[in-house]
Amino acid sequence: MSIRYDGKVAIVTGAGQGLGRRHAIELARRGAKVVVNDLGGGVDGSGSSSEAALKVVEEIESLGGEAISNGANVAQYDEVQAMVAQTMDQWGRVDILVNNAGILRDKSFSKCELSDFQLVMNVHLMGTVNCTKACWDIMREQCYGRIVVTTSCSGLYGQFGQANYGSAKMAVVGLMNTLVQEGHKYDIRVNALSPTAGTRMTESLMEESSFSLLSPETVTPAVLYMVSADAPNKTIICAGAGNYAIAKIIETEGIWLNPEDQTPEGIAANWTAISSAEGERQFASAEGQPLKFIAKAREGLGLTD
Ligand code: NAI
């Protein structure tokens, strides 16, 4: 059965090129009406131009799809609100939001200016917050919404020179974790994409042969799945070069230590058991951790009432 988005309205941020462009084109090819948002600046976030977004709209129209362009800077809430108002005026709903816009200001932490750190946080974290906030009540009222945040292996695993970017990319995972709970009642599902793709953002970091293997076309199917009616929820899909995997936040089972061992020395002596992978698990919500701790402490202390 083919997955389609007929009657659905999608906003894709940073869709003037790279991954966002591919997400927008494929959504439109499968029936969605698409807002192609792009500020049109450089990889470092400088400058702006409406050209790239307009070109993607033309491409979608030439394929028989429906799209409009928008030049909002996702870091500016008033511009984002105007984008969502434009979408509502045009099509009257917002079903899908793909938070994809992004920039880089790579520098080792010791050389990174705080102004660069702030800018990267503003675009990746606050850009995602702004767009999601502006669509949230509309999705609640519709009792339907599919949101994707774009994280990165730099945030999930760490990358030299990307303290700012990695922080912002991990922050959107925290945003997802809570929105999933608040959106559940309204069938709003929130998932994360961790892509690896040959785009202008990565061209200087990759060999030519890897660049072509890692085409955006190989990543977009993960986004299409995450914004479909039968989407998963609270899932981080990693995608690149035709590979699809899931990243998880897990906690080891750990151990309860006797009161006399609740010391740094006790932790050092029990490190193997504390860090053992046996019984490790994912928690559905924050309550999972305190509930586990209390149960294990009660058991250790022999409390029965
Ligand atoms: P890209 O540089 O080709 O595209 C990013 C687009 O976002 C550009 O068209 C740019 O104009 C737009 N943009 C930047 N700031 C904006 C703002 N404030 N408001 C609206 N639009 C803005 O980059 P690429 O590779 O397509 O990246 C897309 C997303 O995927 C980004 O969030 C990036 O951090 C993320 N990502 C990419 C990876 C890769 O391997 N290419 C790896 C991990 C994450």
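Residues numbered from 1 in each chain as written. Predicted model: local features only at pLDDT ≥ 70, side-chain atom pairs only at ≥ 80, totals over all residues. Heavy atoms only, no water.

**Thoughts on the overall build of the protein chain**
- Looking only at helices and strands, the protein chain has 11 helices and 8 strands in total.
- For 305 residues, the compact-globule estimate of 2.2 N^0.38 gives 19 Å, and the C-alpha radius of gyration of the protein chain, at 22 Å, lies within 12% of that figure.
- C-alpha extents for the protein chain along the principal axes are approximately 70 × 45 × 40 Å.
- Counting contacts in the protein chain only where the partners sit at least 6 residues apart, residues at least 24 apart contribute 70% of the total.
- Working note: accessible area of the protein chain is about 15,300 Å², and carbon and sulfur atoms make up 53% of it. (Helix = DSSP H or I, 4+ residues; strand = E, 2+ residues; numbered from the N terminus. Rg over C-alpha atoms; globule rule 2.2 N^0.38 Å. Contact = heavy atoms within 4.5 Å. Areas by Shrake-Rupley, 256 points an atom, 1.4 Å probe, with all protein chains shown as cover.)

**What to know about the packing of helix H1 (residues 18-29) against helix H2 (residues 51-62)**
- Their axes nearest at 10 Å, the elements H1 and H2 cross at an angle of 25°. Classified by the angle their axes make, H1 and H2 are roughly parallel. Where H1 crosses over H2, the two elements pack in a sense that is right-handed. Judged by residue contacts, Arg21, Ala24, Ile25 and Ala28 of H1 engage Val56, Glu59 and Ile60 from H2. (Axes fitted to C-alpha atoms, helices over the stretch in contact; angles between N-to-C directions. Parallel < 35°, antiparallel > 145°, perpendicular 65-115°, else oblique. Left-handed = near helix turned anticlockwise from the far one by under 90°.)

**With respect to helix H4 (residues 114-142)**
- In this model, H4 (29 residues) spans 40 Å end to end at C-alpha, consistent with the 42 Å of a helix rising 1.5 Å per residue.
- Considering bend angle alone, the principal kink of H4 is centred on Met126 and spans about 40°.
- With its phi angle positive at about 55°, Cys143 sits one or two positions after the end of H4. (Expected span 1.5 Å × (residues − 1). Bend = angle between axes of the 7 residues up to and from the residue.)

**As for the pattern of salt bridges**
- Going through the model one piece at a time under the given rule, you end up with 14 salt bridges.
- With a closest N to O distance of 3.8 Å, Lys107 and Asp116 form a salt bridge.
- Its relative accessible area of 12% is what places Asp116 among the buried residues.
- The network of salt bridges with shared partners includes Arg22, Glu26, Arg29 and Glu217. (Salt bridge = Lys/Arg side-chain N within 4 Å of Asp/Glu carboxyl O. Buried < 20%, exposed > 50% of the residue type's maximum accessible area, 1.4 Å probe, protein only.)

**A short note on the site of the ligand**
- With respect to spatial proximity, 30 residues lie near the ligand, and among them Asp38, Asn73, Asn100, Tyr165 and Thr199 are the closest.
- Contact between the ligand and Leu19: an oxygen atom at 2.9 Å from a main-chain N or O atom of the residue.
- For the ligand, the protein covers 97% of the area, taking 830 Å² as the surface of the free molecule.
- Sorting the residues of the shell around the ligand by element identifies H1, H4 and helix H6 (163-183) as the ones contributing at least two each.
- Within the shell around the ligand, the residues separate by chemical class into 11 nonpolar, 16 polar and 3 charged. (Near = heavy atom within 4 Å. Polar contact = N/O pair within 3.5 Å; in protein donor to acceptor, adjacent residues only side chain to side chain. Nonpolar A, V, L, I, M, F, W, Y, C, P; charged D, E, K, R; others polar.)

**Quick word on the environment of Tyr186**
- Here Tyr186 shows up in the loop between H6 and strand E6 (188-195).
- Tyr186 sits in the buried class, given a relative accessible area of 16%.
- Once the C-alpha coordinates of Tyr186 and Gln142 are considered, the two residues, 44 residues apart in sequence, prove to be 7.9 Å apart.
- Among residues more than four places away in sequence, those in contact with Tyr186 are Met139, Arg140, Cys143 and Tyr144.

**Quick notes on the nonpolar core**
- Formed by 44 residues in total, the largest nonpolar core has its most connected members in Ile11, Met176 and Val190.
- A total of 11 residues in this core trace back to one element, the largest contributor, which is H4.
- When residues no more than four places from it in sequence are discounted, the contact partners of Ile11 are Val35, Met83, Val84, Thr87, Val94, Ile96, Leu97, Val98 and Cys135. (Core = buried A, V, L, I, M, F, W, Y, C linked by side-chain atoms within 4.5 Å.)

**Side note on the domain arrangement of the protein chain**
- Each assigned domain of the protein chain is listed here: domain 1 (9-247) and domain 2 (259-301).
- The C-alpha centroid of domain 2 is placed 37 Å from the C-alpha centroid of domain 1. (Domains from an automatic or database assignment.)

**Re the pairing of strand E8 (residues 243-247)**
- Relative to E8, strand E7 (residues 236-240) runs antiparallel, the two being bridged by 5 bridges. By the bridge assignment, Ile236 is partnered in E8 with Ala247.
- Taking the residues that link successive antiparallel strands as the turn, the E7-E8 hairpin has 2 residues, and the phi of Ala241 there is positive, at about 55°. (Pairing = 2+ DSSP bridges.)

**Section: the packing of aromatic side chains**
- Following the criterion strictly, the structure yields 1 aromatic pair and no others.
- Judged by centre distance (6.4 Å) and plane angle (75°), the rings of Phe109 and Phe117 are edge-to-face.
- The class of Phe117 is buried, set by a relative accessible area of 17%.
- One cation-aromatic arrangement involves Lys8 over Tyr144; the distance from NZ or CZ to the ring centre is 4.5 Å. (Phe/Tyr/Trp six-rings, centres within 6.5 Å; stacked < 30°, edge-to-face > 60°. Lys NZ or Arg CZ within 6 Å of the ring centre and 35° of its normal.)

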